[in-house]
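Below, each chain spelled out in residue letters.
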Amino acid sequence: MQPIPDTVTLERAPDGLAVRMIDQTLLPTCEQIIDVTTIPDLCEAIRMLRVRGAPAIGCAAACGVAMAAGRSTAGDLAALQAELRQVIADLAATRPTAVNLFWALERMRGIVETGGDAAALRADLEAEARAIVSDDLDRCHRMGRHGAELIPAGARILTHCNAGALATAGYGTALGVIRAAAEQGKVVRVYADETRPLLQGARLTAWELCRAGIPCTVICDNMSGSLMARGEIDCVVLGADRIAANGDFANKIGTYGVAVLARHHGIPFYVAAPISTVDYALASGAGIPIEQRDPTEVAELGHFARCPVVPAEASIYNPAFDVTPAELVTAIITEKGVARAPFGESLGQWRK
Ligand code: MRU
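Note that this is a predicted model, so its numbers are computed, not measured.

## Description of the nonpolar core
With 47 residues, the main nonpolar core has Leu42, Val65, Leu84, Leu91 and Leu125 as its most contacted residues. Of all the elements in the fold, those that place two or more residues in this core are strand S1 (8–13), strand S2 (16–22), strand S3 (33–36), helix H1 (39–47), helix H2 (54–71), helix H3 (77–92), helix H4 (99–112) and helix H5 (118–148). Of the residues forming this core, the biggest block, 13 residues, is contributed by H2. Filtering out sequence-adjacent residues up to four positions away, Leu84 remains in contact with Val65, Ala68, Ala69, Val112, Leu121 and Leu125.

## Some points on the sheet that holds strand S14 (residues 321–324)
With mixed pairing, the 4 strands of this open sheet are ordered in space as S11-S8-S9-S14. What marks the edges here is a single partner per strand, and that holds for strand S11 (278–279) and S14. Examined bridge by bridge, strand S9 (residues 249–252) and S14 share 4 bridges and lie antiparallel to one another. Within S14, the residue paired with Phe249 across the bridge is Thr324. Where helix H9 (residues 255–264) meets the sheet, its contacts fall on S9 and S14, and the angle it forms with S14 comes to roughly 35°.

## Observations concerning helix H6 (residues 174–183)
Most of H6 is tucked away, with 8 of its 10 residues classed as buried. Ala174, Leu175, Gly176, Val177, Ile178, Arg179, Ala180 and Ala181 are the residues of H6 that are buried.

## Some remarks on unusual backbone geometry
For the bond from Arg196 to Pro197, the omega torsion is 5°, close enough to zero to count as cis. Tracing the sequence through the fold places Pro197 in the loop between strand S5 (187–193) and helix H7 (200–212). For the bond from Ala341 to Pro342, the omega torsion is -5°, close enough to zero to count as cis. Within the secondary structure layout, Pro342 lies in the loop between strand S16 (338–339) and helix H11 (343–348). The backbone of Leu49 shows a phi angle near 70°, a positive value even though the residue is not glycine. Mapped onto the fold, Leu49 is located in the loop between H1 and H2. Classification of Leu49 by relative accessible area gives buried; the value is 5%. At Thr195, a residue that is not glycine, the phi angle is positive and equals roughly 75°. Along the polypeptide, Thr195 turns up in the loop between S5 and H7.

## Here's the deal with the site of the ligand
Surveying the vicinity of the ligand reveals 18 residues, the closest of which are Arg52, Arg95, Asp241, Asn251 and Lys252. Between the ligand and Arg95, the relevant distance is 2.8 Å, taken from an oxygen atom to a side-chain nitrogen or oxygen of the residue. Side-chain polar atom of Asp241 to an oxygen atom of the ligand: 2.8 Å apart, as the coordinates give it. Coverage of the ligand by the protein chains reaches 99% of its 410 Å² of free accessible surface. Mapped onto the shell around the ligand, the elements with two or more residues apiece are H2 and S9. A per-class count over the shell around the ligand returns 8 nonpolar, 6 polar and 4 charged.

Reading the values: rules and limits
- Residues numbered from 1 in each chain as written.
- Predicted model: local features only at pLDDT ≥ 70, side-chain atom pairs only at ≥ 80, totals over all residues.
- Heavy atoms only, no water.
- Core = buried A, V, L, I, M, F, W, Y, C linked by side-chain atoms within 4.5 Å.
- Buried < 20%, exposed > 50% of the residue type's maximum accessible area, 1.4 Å probe, protein only.
- Helix = DSSP H or I, 4+ residues; strand = E, 2+ residues; numbered from the N terminus.
- Contact = heavy atoms within 4.5 Å.
- Pairing = 2+ DSSP bridges.
- Axes fitted to C-alpha atoms, helices over the stretch in contact; angles between N-to-C directions.
- Near = heavy atom within 4 Å.
- Polar contact = N/O pair within 3.5 Å; in protein donor to acceptor, adjacent residues only side chain to side chain.
- Areas by Shrake-Rupley, 256 points an atom, 1.4 Å probe, with all protein chains shown as cover.
- Nonpolar A, V, L, I, M, F, W, Y, C, P; charged D, E, K, R; others polar.

Right, dumping it as structure tokens:
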């Protein structure tokens, strides 16, 4: 077993605050820790998926607001607040689907607008960012405890994308459930969909599971149906980027297909996500904005080592996420407990 570096933290560098992260675009071949010290660089890191996964993006954005406040030369409160409103707007424009980004930025905005003086505001923002990161880790552990109860002994589990330590402040949502079940000796094997086009399953989930000593087999995205048909998957556990009030949810492209296959084969389909991923303002998944990404991600294999695999004349469709209807979901595992249909009621009980 080998530890995993922190996904994202707020650090006190000699010249001021920095957002420290492991650059996930380089995994699994290179473990590079980077310190981000400007908002344009942080926006680039979020857009390029150096830091990714719904809760981790929220943590990075919160740390970014605190970092910008700490480094700002604004002398008075009004100037600092004006700068930070722009910082929040810039960070909010990076990726549209994961609601945790907006949830974390709204928490930071609440502090920005409380007033006081500039020094107190800087200190409060730093404390809030640290609280968002440490709360997220705590939520993952609680989710793991609730979710492990659903996993049968001897489980062979399918997951999609990466909803692990790398997608959160640590431990993971779906992988947190799997880790907790593995600690109880229940997990025989995890099948990780490779997750085209950016290979979060192959590059990140497999790396995390190998480090945790949990048996893991990577499969291409088109292989899970045949494994299900052979009776080799006992349940599906994966994460979410945004859950509507009725339980419809967005997650990495390909999730919907896995859900349909699981239903066809009578396999339990579990979603693990913190309450910060629930967008109570959205009645259904139809309103979830879906990020469209650069066609080169599909046209070329490899994140950086670019190998063209599609004729230049072909058009390309590259949505980063899809929406799975609540009717295909067996249960949603949150830090508060396990929600089952009707999700409007079960999730609704935890609305603040
Ligand atoms: O594009 P990504 O890598 O940010 O997509 C991540 C996912 O879809 C995850 O499954 C989701 O954010 C849940 S992470 C706990």
